[in-house]
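So the chains spell out like this:
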Amino acid sequence: MLKAANIRKKFGGLVAIDGVDLEIGRGEIVALIGPNGAGKTTLFNTITGVLDPEEDTEITFNGEDIVALDTHEIARSGLLRTFQIVRVFGEMTVFENALAGALFGSDESISQEDAEERAREALAFVGLEEKAEMEAGNLPIAQQKQLELARTVASDPDLVLLDEIASGLTPGEISELSNTIRRLRDERGISVFWIEHIMDAIMGTADRIIVLKSGRKIAEGTPEEIQNDEAVAEAYLGEDHS
Ligand SMILES: Nc1ncnc2c1ncn2[C@@H]1O[C@H](COP(=O)(O)OP(=O)(O)O)[C@@H](O)[C@H]1O
Ligand SMILES: [Mg+2]
């Protein structure tokens, strides 16, 4: 589904992403981990067209070359992302947020009626249907994150990129969120590529983990393999886990 070869991104003299190859298959949940400053967010930004990668970077999605496309074109082709900072539209209602996702979705010709139906269904998917008329900014943070997932579901993507969506949640909320993410895949067939520093959130959820350090991929494998990987343990030595 997503195939990238030799992703590279420089900021002036700093090589933030230094030749990363990766693939995300249909129906996979893949986690991306690595110490602070490893380049995880930058990698997402280059994939989703927020930043232009260096010239020799190759990225295809569903067989289509997406390197030169804009973020909204990439989103329309079925590749969506969330941001490290929650970005619900705080002054809009919960329903309007989900509706925005439905209207922004891959099918440009969707009718208002169908979009509203999709929005309602997406809210039900995350259990927020009873909060539909609330102002989104008044939801507790955990529910704002569920709303971000609902907005994503309403857009009907093939692949969603999540950036540290579990941050700031209690263990109970994290397990609920992980559960919703598994259901995205199991019930909706949505593939997930997920940056996360909270290991508990991904250990029981990810099929595969990719580890980034200083812009390079240093390991890739199942959660068990990554937990026992010496290079990974070393990468995190001295790292502040706060
Ligand atoms: N817009 C930018 N301009 C300059 N340097 C940046 C920019 N964004 C990120 N960086 C640098 O690139 C490196 C990777 O950052 P980032 O992708 O945010 O890491 P991570 O998400 O893994 O914590 C860091 O050294 C960071 O300071
Ligand atoms: Mg980041």
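Numbers given to residues run from 1 along each chain, matching the order in which its sequence is written. Here every chain gets a letter starting at A, and every ligand a number starting at 1, in the order they are written. Whole-chain, interface and lining totals are the exception, using all residues; otherwise, since this is a predicted model, local features are given only for residues with pLDDT of at least 70 and side-chain atom pairs are given and counted only at 80 or more. Hydrogens are left out, water is left out, and the side-chain values use all remaining heavy atoms of the structure.

## A word on the pattern of salt bridges
Logical step 1: Basic side-chain nitrogens of Lys or Arg form a salt bridge, by our definition, when they fall within 4 Å of a carboxyl oxygen of Asp or Glu. Throughout the structure, instances matching the rule amount to twelve salt bridges.
Logical step 2: Between E220 and R208 there is a salt bridge, with the nearest N and O atoms lying 2.4 Å from each other. Note that E220 is positioned in strand β10 (residues 216-221) and R208 in strand β9 (residues 208-213), a separation of twelve residues in sequence.
Logical step 3: The closest approach of N and O atoms between E220 and K217, which form a salt bridge, is 2.6 Å.
Logical step 4: Of the residues examined, E220 reaches a relative accessible area of 35% and is grouped as partly exposed.
Logical step 5: Linked through salt bridges whose partners overlap, the residues forming this network are E28, R208, K217 and E220. Counting from the N terminus, the helices are the DSSP runs of H or I reaching at least four residues and the strands are the DSSP runs of E reaching at least two. Burial classification: accessible surface area is computed with a 1.4 Å probe over protein chains only, and a residue below 20% of its type maximum counts as buried, one above 50% as exposed, and the rest as partly exposed.

## As for the sheet that holds strand β3 (residues 29-33)
Logical step 1: Criterion used throughout: strands pair if DSSP finds at least two bridges between them. The strand order across the open sheet built from six strands is β6-β7-β8-β3-β9-β10, with neighbouring strands paired in mixed fashion. Only two strands of the sheet have a single partner each, and these edge strands are β6 (79-81) and β10. Direction aside, neighbouring strands of the sheet carry axes that sit 20° apart on average.
Logical step 2: Sheet analysis places strand β7 (residues 159-163) next to strand β8 (residues 191-195), joined by five bridges and oriented parallel. Along β8, the bridge assignment pairs D163 with I195. Only the stretch in contact is used when a helix axis is fitted, and all axes are lines through C-alpha atoms; the angle between N-to-C directions ranges over 0 to 180 degrees.

## What about the site of ligand 1?
Logical step 1: Surrounding ligand 1, one finds F11, L14, A16, P35, N36, G37, A38, G39, K40, T41 and T42.
Logical step 2: Distance and chemistry together define a polar contact, namely a pair of N or O atoms within 3.5 Å, with one atom able to donate a hydrogen and the other to accept it when in protein, and with adjacent residues in sequence counting only for side-chain atoms on both sides. Separating an oxygen atom of ligand 1 from a backbone N or O atom of G37 is a distance of 2.8 Å.
Logical step 3: K40 places a polar side-chain atom, nitrogen or oxygen, 2.8 Å from an oxygen atom of ligand 1.
Logical step 4: Accessibility throughout is a Shrake-Rupley quantity obtained with a 1.4 Å probe, and a residue counts as covered only by protein chains that appear here. Notes on ligand 1: free accessible area 560 Å², of which the protein chains cover 57%.
Logical step 5: Looking at the shell around ligand 1, the elements with two or more residues in it are β2 (14-24) and α1 (40-47).
Logical step 6: Top element by residues in the shell around ligand 1 is α1. It accounts for three residues. Nearness here has a simple test: a residue counts as near a molecule or strand if at least one of its heavy atoms is within 4 Å of that partner.

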